[in-house]
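# A structural walkthrough
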Amino acid sequence: MIFLKKLFSKLKFKIGKNSQSKYLQESIINDLPNYYIFWKDLNSVYLGCNKAFATLANVGSPENIVGKNDYDLPWTKEYSDKFRSDDKEVMESGKPKLNIEEPHKLKNGEIVVLLTSKIPLINNNKVFGVFGICCNVTDQKVEETAVRETNIKLEHAYQEAQQLQSSIINYLPNYFIFWKDINGKYLGCNTAFARLAGQNSPSDLIGKCDYDYWSKEESDAYVADDKEVMRIGKPKLDIEEPQTTAQGEKIILSTSKVPLIDEKGKVYGLVGICSNITHQKEAEQNLLKTNKKLEEAYKAKSEFIRNVSHDIRTPLSGIMQSSRFIYERGIEEEEIPEYAYHIWQAAIKLMSLFNQVIEVTKTEAYEFEDQTSKFDLYKLLDNLRKTYTIVAKHKGIELKLEYSNEVPRYLLGKPLRLHRILMNLLGNAFKFTQKGSIILYIEDAQNSTDDQIILRFTVTDTGIGIPKEKHTVIFEPFERLQYSYQGLYPGSGLGLSLVKSYIEKMQGEIYVESEIDKGSKFTCLIPFKRPILNNDKDILDIEYEIEQQILHKDIPLFTTSTKISDTKEQKTKNILLVEDDELARKMGSRILSNIPLYQVDSATSGEQALEMTNQKLYQLIYMDVGLPGIDGIETVKQIRTNPLNINHKTYIVALTAHADEEIIQQCLDVGMQEVLQKPLTPEKAYKLNNALPLEKKEEIVNDNNLLDWPLWFSRVGNDKETAYMTFHIFATDLESYQKNITASIKEKDLTKLQAITHKMKGALGYCGLPRLENIIKKVESSAKEQDFDKILEEYSELLETLEKTKQIYQEWSKMYPKTE
Ligand code: ADP
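Just so you know, the residues in each chain are numbered from 1, in the order the chain's sequence is written. Residue-level local features of this predicted model are given only where pLDDT is at least 70; pairs of side-chain atoms are given and counted only at 80 or more, and the full residue set underlies all totals for whole chains, interfaces and linings. Computation of side-chain values: all heavy atoms of the structure, hydrogens and water removed.

### Observations regarding the environment of Trp-712
Looking at the element boundaries, Trp-712 is found in helix H20 (residues 709–715). With 66 residues separating them in the primary sequence, Trp-712 and Ile-646 have C-alpha atoms 9.6 Å apart. We call two residues in contact whenever any of their non-hydrogen atoms come within 4.5 Å of each other. Not counting residues up to four positions away in its chain, the partners in contact with Trp-712 are Leu-707, Ala-723, Thr-726, Phe-727, Tyr-766, Cys-767, Gly-768 and Leu-769. Polar contact is defined as a pair of N or O atoms within 3.5 Å, subject to the rule that within protein one atom must be able to donate a hydrogen and the other to accept it, and that residues adjacent in sequence are counted only when both atoms are side-chain atoms. Within the structure, Trp-712 has its side chain in polar contact with the backbone oxygen of Tyr-766 (distance 3.1 Å). Numbering of helices and strands runs from the N terminus, with a helix taken as a DSSP run of H or I at least four residues long and a strand as a DSSP run of E at least two residues long.

### Brief notes about helix H15 (residues 606–615)
For every residue, the accessible area obtained with a 1.4 Å probe (protein chains only) is divided by the maximum for its type, and the residue is called buried under 20%, exposed over 50%, and partly exposed between those limits. Buried within H15 we find Gly-606, Ala-609, Leu-610, Met-612, Thr-613 and Asn-614. Taken together, the buried residues of H15 touch strand S18 (573–578), strand S19 (598–603), strand S20 (620–624), helix H16 (632–641) and helix H21 (720–746).

### Some details on the pattern of salt bridges
When their charged atoms lie close together, side chains carrying opposite charge are able to pair. We define a salt bridge as a side-chain nitrogen of Lys or Arg found within 4 Å of a carboxyl oxygen belonging to Asp or Glu. Inspection of the entire model under this criterion finds 30 salt bridges. Between Asp-226 and Lys-257 there is a salt bridge, with the nearest N and O atoms lying 2.6 Å from each other. Taken together, the residues Asp-226 in helix H7 (residues 216–232) and Lys-257 in strand S9 (residues 250–261) connect sequence positions 31 residues apart. Comparing Asp-226 with Lys-257, the two get one shared label, buried. Between Lys-778 and Glu-797 there is a salt bridge; the shortest N-O distance is 3.8 Å. Placement of the pair is Lys-778 in helix H23 (residues 770–784) and Glu-797 in helix H24 (residues 788–815), with a sequence separation of 19 residues. Relative accessible area serves as the criterion here: at 39%, Lys-778 is assigned to the partly exposed category. Taking relative accessible area as the criterion, Glu-797 reaches 32% and is therefore assigned partly exposed.

### Remarks on the confidence of the model for the protein chain
Summarising the model, the protein chain shows a mean pLDDT of 81, and 86% of its residues fall at 70 or more. A low-confidence stretch, residues 363–367 stays under pLDDT 50, and its non-local contacts, those more than four residues away or across chains, total six contacts. pLDDT expresses how confident the predictor is about each individual residue, on a scale running from 0 to 100. Under a pLDDT of 50 for its full length, residues 696–701 has, in the predicted model, 11 contacts with residues more than four places off or in other chains.

### So, the packing of H23 against H24
Where H23 meets H24, the axes come as close as 9 Å, and the angle between the chain directions of the two elements is 155°. Judged by the inter-axis angle, H23 sits roughly antiparallel to H24. As H23 runs across H24, the sense of the crossing is left-handed. In this structure, H23 contributes Arg-771, Leu-772, Ile-775, Ile-776, Lys-778, Val-779, Ser-782 and Ala-783 to the contact, and H24 contributes Lys-790, Ile-791, Glu-794, Glu-797, Leu-798, Thr-801, Leu-802, Lys-804 and Thr-805. Residue classes follow a fixed rule: Ala, Val, Leu, Ile, Met, Phe, Trp, Tyr, Cys and Pro count as nonpolar, while Asp, Glu, Lys and Arg count as charged, and any other residue, Gly among them, counts as polar. Per-class residue counts for the contact of H23 with H24 are eight nonpolar, three polar and six charged. Note on geometry: axes are lines fitted to C-alpha atoms, helical ones only across the stretch in contact, with angles between N-to-C directions running from 0 to 180 degrees. Our angle categories are set so that under 35 degrees counts as roughly parallel, over 145 as roughly antiparallel, 65 to 115 as roughly perpendicular, and the remainder as oblique. Crossing handedness is read from the near helix: turned anticlockwise from the far helix by less than a right angle, it gives a left-handed crossing, and turned clockwise, a right-handed one.

Shown next, in the form of structure tokens:
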């Protein structure tokens, strides 16, 4: 600018004089390459310019511009107007106008930005024109704009970042952020932290300290950490801080504190960020607990396996040794029963163990079937007494089963469960007691109501006792205090866990009191209902149910003395085994006798078999094919073809050593149902028994036979005498039945016919004469329908059947004459 002022002062003097003007033009003005210089008259007509301006104005050389105005030059009209008005302003005011930013849009579209200063040309205080000097700032402008735009963008971004940062800080729900001054006073915090302190907004905390919000103890700890961080000037990370929130909730925070340091390296406060790790901590704790439990369970399981292996191995080796002695005849004949007894006892032990294991998996998987029913508590006790008296005698221990007066005899509840609970507790008592007494006592646990009673059952023993710290674990599955592999007490460690689960299912409770070497007392409190009728009406047969459970379900045989009584209510099945070889006959008889309800007879020859099958009805016959005298095939042929043989429809199984196709075919041809390869084994016998129940086999009987003894027997209570008697009686009436039928048909009296056939049908219901029964039924229904033609058709069949029946009767009555 100084340079320009000097220039202008020079100009003031020298412009106007041609020689001077020329000098100016050539020497100064033209040589300023970056400056565009021009001067105009009062009418803004160019008087001259320098070379640079001439180039810009696209006029070639400076002299060409003289006489031209802006409208003649390459800039647009809009710009020319602006230049003209600036000129005017300067000339009218007589004052310079400096640094006007003038964009020149050239006609070729290019924009040039000029920074122009215009100065009035004055002579004798009169303005005579305008002088302009411009410099090209286009590049500079572009740069400036770019810089400005960038700055604006940066500003935006900065603001956004600021906003984002404050909202992140404020609304991060899981992070609590605060900053404090050197004295531990809050300078600020996020919303989450304010809430934690029980305040609405961060501004509430400013100027406050920890003691304003948290307990002394908690605050002391926070302040101590703050001080340490600010003193050392280093962050402290992941500090676990327990905290009671404003809402009273106990939580655990993980906090990191970082010192705030100014440019001079001086600490002026700290920033803290915490997260709530309560759940994480809980999960960690749970995981630890679960791991511990798993470890314990694993330990218990391995111990269980060791116990069980011992409990299996001991009876198993007993079985192996005893049976080997018997087999190798290493013992005297008289000793055999004793050894067999050992084997049996060992097998029962195995069974019991197996059942307990099954039972546990069962109680875990589904409900043990025990309906609520009315039962006799005294009977239940009797059953227990029967079971344990022998054991008590054997061990020389006193056994008492007692109850107080108010204990009712009849109860409504789950008797089988109760039975098992007491069996288990008594079983344990006996197992762990060597001398003294075992007492089961029952009393009313509390004032019972009219319809409900809670009974207290205590099982007290004078045995080895249980240490106090084990009073809970013994109820866990597989938990045992003495390992059976140590050889002292056998057991699976499952009994008490079963007892507990049964009691819980009955809404009861169980406790143990015990002292080492003094004894144990197990107490169960179990609620029952009182039945409305205090008598044995509709009562559950406990003895029977217990037997059934033992017989048919996989339930534990708790003691070896549990007796399986005769199955009196079930029908026995008569089985005949025909076999000539003595050993095979004895073995076969033994095998078959072991099948429940089988009553086995044997025959040594075909002849004997024929005799026996005439006398007694069998449900199943095993027939050896290769017999001396009449062979098996011939024997069966005779049985099948003689309608008078009671067993002519019995299910018959062939036994053969040579089951070739020809023999099989012969067997089937004579009417045997099955052919078995010898020898007869228990598996084969059981399989046959199970595949087709004998009741079903009886039904195989052809329903159109003239005489069907099995049917007859079954209709009269399986009593042979009654069956024979009814045959005699029916046969006596047969003549008169036949006469009456014939008469009513001749008279076409269908009502009478219907009456007779109806009566006859009734009598036939006690017989085994299926063919006659069938035709009589047909005639009766035709009579009812008054269908005379049909009756005539049926009449001949009826007559024929009557005749044949009479014939059979005559033959049969020769063998079994009527006894008066
Ligand atoms: P187990 O088949 O081993 O008898 P239980 O579940 O019935 O299994 O009992 C678990 C453990 O509790 C027993 O192994 C024994 O250590 C202890 N226990 C149970 N009853 C008695 C008792 N009457 N006297 C002493 N210890 C007992």
